[in-house]
Amino acid sequence: MKWLPQARRLAHEVVRPESRWHSAVATVPRHSFVPRWWEQDGETWHLRTGADDPAAWLQAAYSDQTLVTQVDACHADTTSNRVIEGKPASSSTLPSLVVRMYRHAMIADGDQLLVTTGTGYGTALACARLGDAQVTSVDVDENLVKLAEERLAVLDDRPRMEVCDITGPLPGEYDRLVSTVSVRPVPVSWLRALRPGGRLVTTIAGTGLILTADKTADGGARGRIEWDRAGFMRAHHGGVYDRLPEGVWKQAAQGQGEEISTSRYPLLYPPDAWDVMSMLELKLPGIDYRRSQDADTRTVWLLHPDGSWARATAHGFLESPVVHESGSRRLWAELDRIRNRLNREGALPVYGAQVSISPDGMATLTRGSWQTVL
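Summarised in this report is the structure supplied together with it. (Residues numbered from 1 in each chain as written. Predicted model: local features only at pLDDT ≥ 70, side-chain atom pairs only at ≥ 80, totals over all residues. Heavy atoms only, no water.)

1. With respect to the overall build of the protein chain
Cut-off, in case you're wondering: Segments assigned H or I by DSSP are reported as helices when at least four residues long, segments assigned E as strands when at least two residues long, and all are numbered from the N terminus. Each residue gets one of three labels from its accessible area relative to the maximum for its type: buried under 20%, exposed over 50%, partly exposed in between, using a 1.4 Å probe on protein chains only. Contact criterion: two residues are considered in contact whenever any of their non-hydrogen atoms come within 4.5 Å of each other. None of His or the chain ends enter the tally, which takes Lys and Arg as positive and Asp and Glu as negative. Charged groups are reduced to one reference atom each: NZ for lysine, CZ for arginine, CG for aspartic acid, CD for glutamic acid.
When helices and strands are tallied, the protein chain shows 10 helices and 21 strands. Along the three orthogonal principal directions, the C-alpha set of the protein chain runs to about 60 × 55 × 35 Å. Residues counted as buried form 53% of the 374 residues belonging to the protein chain. A separation of at least 24 residues holds for 57% of the contacts in the protein chain among residues at least 6 apart in sequence. With 42 positive and 46 negative side-chain charges, the protein chain shows a spacing of 4 Å between the two charge centroids.

2. Considering the pairing of strand 19 (residues 354-357)
What counts is decided by this rule: For two strands to pair, DSSP has to find at least two bridges joining them.
Residues Val355 and Ile357 line the buried face of strand 19, whereas the alternating positions Gln354 and Ser356 sit on a face that is not buried. Note that strand 13 (residues 221-229) and strand 19 share four bridges and pair antiparallel. Within strand 19, the residue paired with Gly223 across the bridge is Val355. Bridge analysis of strand 19 against strand 20 (residues 363-367) gives four bridges, and the strand direction is antiparallel. Residue pairing in the sheet places Ser356 in a bridge with Thr364 of strand 20.

3. Structural notes on the state of the cysteines
Note the following rule: Criterion for a disulfide: a pair of cysteine sulfur atoms at a distance within 2.5 Å.
Across all of its chains, the model carries zero disulfides by this definition. Of the cysteine sulfurs around Cys164, a residue in no disulfide, the closest is that of Cys127, at 16 Å. Note on Cys164: relative accessible area 15%, which makes it buried.

4. Things to note about the environment of Pro359
Counting through the fold element by element, Pro359 comes out in the loop between strand 19 and strand 20. Since its relative accessible area comes to 41%, Pro359 is described here as partly exposed. In this structure, the C-alpha to C-alpha distance between Pro359 and Arg192, residues 167 residues apart in sequence, is 8.6 Å. Residues contacting Pro359, with those up to four places away along its chain left out, are Val188, Leu191, Asp218, Gly219 and Gly220.

5. Some words on the side chain of Ser326
One can find Ser326 in strand 18 (residues 322-326). A relative accessible area of 11% means that Ser326 is categorised as buried. If sequence neighbours within four positions are ignored, Ser326 has contacts with Gly257, Glu258, Gly307, Ser308 and Trp309.

6. A few points about the sheet that holds strand 14 (residues 259-262)
The line we're drawing: In this analysis, axes come from line fits to C-alpha atoms, helices being fitted only over the stretch in contact, and the angle between any two N-to-C directions falls in the range 0 to 180 degrees.
Pairing is antiparallel in the open sheet, where five strands are placed in the order 14-18-17-16-15. Pairing within the sheet leaves two strands with one partner each, and these edge strands are strand 14 and strand 15 (288-294). Each neighbouring strand pair of the sheet contributes to a mean axis angle of 15°, computed without reference to strand direction. The pairing of strand 17 (residues 309-315) with strand 18 spans five bridges and is classified as antiparallel. When the bridges of strand 18 are listed, Trp309 appears paired with Ser326.

7. Thoughts on the pairing of strand 13
Of the pairings in the sheet, the one linking strand 12 (residues 209-215) to strand 13 comprises six bridges and is antiparallel in character. The partner of Asp214 across the bridge, within strand 13, is Arg222. Joining the antiparallel neighbours strand 12 and strand 13 is a turn of five residues, in which Gly219 adopts a positive phi near 95°.

8. Some words on the sheet that holds strand 9 (residues 160-163)
Neighbouring strands of a sheet are bound in pairs by backbone hydrogen bonds; such pairs are parallel or else antiparallel. Taken in spatial order, the 10 strands of this open sheet run 9-8-7-10-11-12-13-19-20-21, and their pairing is mixed. Each of the sheet's edge strands pairs with one partner strand only, and the pair in question is strand 9 and strand 21 (370-373). Each neighbouring strand pair of the sheet contributes to a mean axis angle of 20°, computed without reference to strand direction.

9. Looking at unusual backbone geometry
At the junction of Arg184 and Pro185, the peptide bond is cis and its omega measures out at 0° in the coordinates. The residue Pro185 is located in the loop between strand 10 (174-178) and helix 7 (188-193) in this model. Its identity as a non-glycine residue notwithstanding, Met106 has a phi of 55°, on the positive side. If you trace the backbone, Met106 turns up in the loop between helix 4 (95-105) and strand 7 (113-116). Under the relative-accessibility criterion, Met106 is labelled exposed at 56%. A positive phi is found at Asp156, a non-glycine position, where the angle reads about 65°. Relative to the helices and strands, Asp156 resides in the loop between helix 6 (142-154) and strand 9. A residue is classified by how much of its surface remains accessible, and Asp156, at 54% relative accessible area, is exposed.

From the geometry alone we can't say anything about function, so treat these as descriptive.
Now the structure itself:
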């Protein structure tokens with residue numbers, strides 16, 4: 001078992017030796033769950049096959065990184081394509097983040113746990129920690145569930161595996177629910193599936209916000225946005241993710257816009273500043289971000305499903321960008337308002353916010369005088 005020393009090294013890197021998750025990371029063969037994966041190069045994805053380069057396979061599998069296994073509907077395990085374009089749809093999450101999500105769940109030895117499947121690696125860690133009889137794993141993609149089930153069986157793990165939409169009805173009742181796909185809003189089905197006092201852990205779609213909440217007596221839940229940060233792919237319903245309306249990208253790339261202005265701040269790519277991006281996403285859900293650089297010219301695009309777009313271009317690192325905007329929303333103007341608040345107050349209120357979820361799934365985030373509803 002040439003992989004075992006590398007798994008142990010990974011465990012030492014991401015988990016303290018006294019943690020009950022250390023043994024799980026050190027003994028679960030992650031490479032067996034990711035025999036093929038996609039590596040990104042600019043706008044394209046290149047297929048990597050472990051059997052073609054076993055050393056590189058083990059190096060990738062036992063590094064603390066996310067390995068993308070599906071782009072749009074093209075799964076690495078079944079495709080004949082070697083180079084494609086598209087958006088990631090499934091992955092093996094970096095091990096340290098899987099463990100962090102489980103820690104946020106505060107899992108006890110006797111808990112019944114529901115997790116999302118993906119490659120099955122996170123499910124295998126949960127089985128190693130709790131035993132497979134206490135783990136249920138779900139995914140909307142039947143092929144993913146089948147592949148994960150087969151690979152878990154090789155390890156003699158046979159958790160309950162179900163094909164279902166994580167945002168819809170769930171197959172049982174649980175003490176803990178950990179979703180490594182992001183959602184908005186929190187599905188009502190989660191509240192119904194949680195036992196009294198049960199805890200859910202997820203991320204809010206399009207943000208870097210981890211939401212933890214404990215079920216309350218009225219059928220709702222109360223919790224907070226953790227100070228920790230994480231981002232996951234959005235929950236989807238099979239096939240490809242929703243795409244921008246036809247022509248929005250072309251207009252943003254080439255159009256002059258209905259409004260031209262100069263931002264007071266240096267050019268920012270929001271995904272590089274998770275608190276700023278999260279505030280913007282809470283206000284205007286669904287923004288797609290793109291950027292490019294040519295010599296000393298940098299450009300950032302904000303694209304919204306309603307057809308609104310903004311294009312900001314700057315020459316030099318500290319120069320304020322010229323902004324072109326169009327559509328029913330002024331996306332860059334909203335971004336600048338958030339940066340005004342950050343500049344004025346020194347921080348944004350998203351991290352550490354209290355969360356109250358009503359029995360019908362409406363989640364309200366509050367911190368000080370700030371409040372928003374998902």
